[in-house]
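The lines below spell out each chain.
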Amino acid sequence: MNKKYFVYVTVVVLAIGTAFAIYWKTHFPGVPLRTADDKNSRSAEQKKLEGIQEGSALRNSAEEDEFQKEETPSEKAGSRSSDNENDSDGKSDDKQGEALVKFKNGKTITEKDIAAEISKVPEQLSSKMSYADLKAFISVKMAFTNVVVAKAKEANINKDKTVAANIRSKQDTITGIMFLNEAADKLMTDEALREHYDKTWEENFKGTKEYNIKVITTTDKAIAEKIKSSVKDEQSLNKTIKANQSHIKTMDLDNRAEASLPVEIADQVKKQGKNALIGPLLVKETHMLFFVKSVNDAKKQEFTAKFKKNYKKIAMRDFSDKVLEAMYVENKARIIDSSGKEVDLKKVGEMIRDRAKARSAPADQFSLGGIKDDTIIAYIGDESITAAELKKFFKIPSFEDQAFIMMAKQLNMGMREVIVYATKLLVDDKLLLLAAKKAKFAEKKEVKDRCREVADSELERAFLKKNAGSVTPEDTKREFNSFMKSIPEEDKHEHEISVRVILFKTKEEAEKALKSIKSGETKFNEMYKSSKDGSNAATADLGYINKRSVDPEFWGIIKKASSGTCHKGIIEIDGEKLDKSGFDYAVAYVGDKRLIKLPSLSSPQEREYFEELARRHKKLDYIKALFVANIETIHGKDVSEFIKEGASSKMLEALAASS
């Protein structure tokens, strides 16, 4: 089954748009907004490019890598990789005026222009790409904006009432966020930061451990398994790394506090201690291993100028909350829950801060009957805010929109709790805008520049939507037919099988359980129900699996078993992949077998998927045509040749997908 088919099988409904994305990244920086199987929805290169384009500094705490969490008070401050700095610092002055993009109207984009844009990219993102890669992408992005915005203005798109309203709304949001950052920054005096750090240290880090960890990553499963079997201590680790250096990447996480460790490895690191090798864990198509080099008592850091600079990023959220709390009091702002009671704002903050303790939201809670458009959800002074305004703010038709359901699941909240939290985002936005207007904050140059970027971005979207955003049924059918032809014929007749497993830590325990089931002393279902996750056994419902979703060896075993039976032998599996670390021996029950359901345009959701695919391809073709019509050269290459290159095409695909 090729990649296109796998993308289809795992696709879920896309998030609802720019306003929601902005607020998600701004208010939930630790919660990635993504589809259920993001690792298959875009190539790794596309993710890099999209990350750079979406990485506008809306807040000081930008998103970080999956396992490179926000720095904690007990860590030493990291810095941008030296190769990036050397690349950027090593540019000679005579190259600053070099034209990297030449337009047919005589305009140019120079090295200096691009360097200025790169300087705005958050360090967490820029450090992941070489200066050359950044320069290449920023060149294309600036050329894209120049051409599309100019065309949009020629077509008077900026005078369209809906577009103008969207621009004002987004500019208001950006202005408010920038105001919040500045207000919080003013509160962060040396004395206030020291006090915050002392309190944070006492409550979270005093008496804990910190770890020095070597992270090894590889896309080759066999190499990951080889490392796991051969590494016993740091000496053997270094030897293994040297022997496989062309196939792996490494990163040191030094002075990593307990509280900053990813959940996936935290318990194992603390339990196994020094010289432990944890993994491999599969993260976004990459196998990751974690070697614990040393374990030490956490040390309180000296409050140096460098430490203060980095600690401000950590403290930003708390000081931002203080600013907002004062605004709520000053403006007599209140949030009302579904029962008509005023909400304790401190509890709203706690919902997001400790998701592990938030109550789980079962499926029957994804229903919000009773919340009508005229339901009052908040007040600012005497001004009431209704549910209709909240829907308008997030640009959704109803509160049962997929984006809100996804939000509830990721935050482990019930839907009514999500409504309360979303309401706070709306009220925050209004209060910040009131304060920014009172302070005439929008008149600042940096705010005007950022608002201009927001306007350009909205013009890009509106222009492309008007000229390349609609698709016909024929376009959709053409995309569907192309897709169906790409599926290997043998895959069209493949089966998928329902599987449940009971997991054990030792082979002996698993064999004893299987013998009990086979001898009639118990049935699988009875043992499955009684084997709650505990110290001796665990359970997992794998749902319907197919030959592409599991290891070939596991599929070969399951495929041979009859429906409604336990497999006759014990199956060795990797319990970590099922979040059941240490439970590597399975008794498997094979349930229903059925043919894989192929996509059909008669399904509204599947038709929507192919419509979106057709829309993206149409937009990409239109962007390429705009480049050819308006640009002469990019990086010294004729534009027609440049856009045919693989890396360039992926950059344009990323821009088409995000516009």
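Residues numbered from 1 in each chain as written. Predicted model: local features only at pLDDT ≥ 70, side-chain atom pairs only at ≥ 80, totals over all residues. Heavy atoms only, no water.

**Some thoughts on the pairing of strand β6 (residues 286–297)**
Phase 1 of the analysis: Pairing between strand β3 (residues 209–218) and β6: ten bridges, direction antiparallel. Residue pairing in the sheet places Ile-216 in a bridge with Leu-289 of β6.
Phase 2 of the analysis: Where strand β5 (residues 277–283) meets β6, five bridges bridge the pair, whose relative direction is antiparallel. Bridging across to β6, Val-283 finds its partner in Thr-286. (Pairing = 2+ DSSP bridges. Helix = DSSP H or I, 4+ residues; strand = E, 2+ residues; numbered from the N terminus.)

**Describing unusual backbone geometry**
Phase 1 of the analysis: Here the bond from Gly-279 into Pro-280 is cis, since omega is 5°, no more than 30 degrees from zero.
Phase 2 of the analysis: Its location among the elements puts Pro-280 in strand β5.
Phase 3 of the analysis: At Asn-275, a position not held by glycine, the phi torsion is positive, near 70°.
Phase 4 of the analysis: Among the structural elements, Asn-275 can be located in the loop between α12 (263–272) and β5.
Phase 5 of the analysis: A relative accessible area of 31% means that Asn-275 is categorised as partly exposed.
Phase 6 of the analysis: Within the chain, Lys-332 stands out as a residue other than glycine whose phi angle is a positive 50°.
Phase 7 of the analysis: Assessed through its relative accessible area of 62%, Lys-332 is described here as exposed. (Buried < 20%, exposed > 50% of the residue type's maximum accessible area, 1.4 Å probe, protein only.)

**A look at the nonpolar core**
In globular proteins that are soluble, nonpolar side chains generally tend to be buried together.
Phase 1 of the analysis: Residues Phe-179, Met-327, Leu-390, Phe-394, Phe-399, Phe-404 and Val-427 are the most contacted members of the largest nonpolar core, which totals 63 residues.
Phase 2 of the analysis: With 13 residues, helix α17 (residues 415–438) is the largest single contributor of residues to this core.
Phase 3 of the analysis: By size, the runner-up hydrophobic cluster in this structure holds 41 residues, among which are Leu-100, Leu-459, Ile-623 and Ala-656. (Core = buried A, V, L, I, M, F, W, Y, C linked by side-chain atoms within 4.5 Å.)

**So, the pairing of strand β15 (residues 631–634)**
Phase 1 of the analysis: Where strand β1 (residues 99–103) and β15 come together, three bridges link them in antiparallel fashion. Counterpart to Val-101 in the pairing with β15 is Ile-634.
Phase 2 of the analysis: Relative to strand β16 (residues 637–638), β15 runs antiparallel, the two sharing two bridges. Bridge pairing links Ile-634 to Lys-637 in β16.
Phase 3 of the analysis: If you look at the hairpin formed by β15 and β16, you'll find two residues sitting between the two strands, and His-635 has a positive phi there, around 55°.

**Points about the pattern of salt bridges**
Phase 1 of the analysis: Scanning the model with the defined rule gives 28 salt bridges in all.
Phase 2 of the analysis: Its salt-bridge partner being Glu-111, residue Lys-135 comes within 3.6 Å of it at the nearest N-O pair. You can see Lys-135 sitting in helix α7 (residues 131–154) and its partner Glu-111 sitting in helix α5 (residues 111–118), a full 24 residues away along the chain. Each of the two residues, Lys-135 as well as Glu-111, counts as buried.
Phase 3 of the analysis: In this structure, Lys-445 and Asp-449 form a salt bridge, with 2.8 Å as the shortest nitrogen-oxygen distance. (Salt bridge = Lys/Arg side-chain N within 4 Å of Asp/Glu carboxyl O.)

**Points about the packing of α5 against α7**
Phase 1 of the analysis: Where α5 contacts α7, the two axes come as close as 9 Å, and the packing angle between them is 105°. By the angle between their directions, the pair α5 and α7 is classed as roughly perpendicular. Across the interface between the two elements, Glu-111, Asp-113, Ile-114, Ala-115, Glu-117 and Ile-118 from α5 touch Tyr-131, Leu-134, Lys-135, Ile-138, Ser-139 and Met-142 from α7.
Phase 2 of the analysis: Residue composition of the contact of α5 with α7, grouped by class: seven nonpolar, one polar and four charged. (Axes fitted to C-alpha atoms, helices over the stretch in contact; angles between N-to-C directions. Parallel < 35°, antiparallel > 145°, perpendicular 65-115°, else oblique. Contact = heavy atoms within 4.5 Å. Nonpolar A, V, L, I, M, F, W, Y, C, P; charged D, E, K, R; others polar.)

**A closer look at the environment of Leu-652**
Phase 1 of the analysis: Mapped onto the fold, Leu-652 is located in helix α25 (residues 646–658).
Phase 2 of the analysis: Measuring from C-alpha to C-alpha, the distance between Leu-652 and Asp-621 comes to 9.6 Å, with 31 residues separating the pair along the chain.
Phase 3 of the analysis: Each residue touching Leu-652, except ones within four places of it in the same chain, is listed here: Val-140, Leu-620, Ile-623, Lys-624, Phe-627 and Ile-643.

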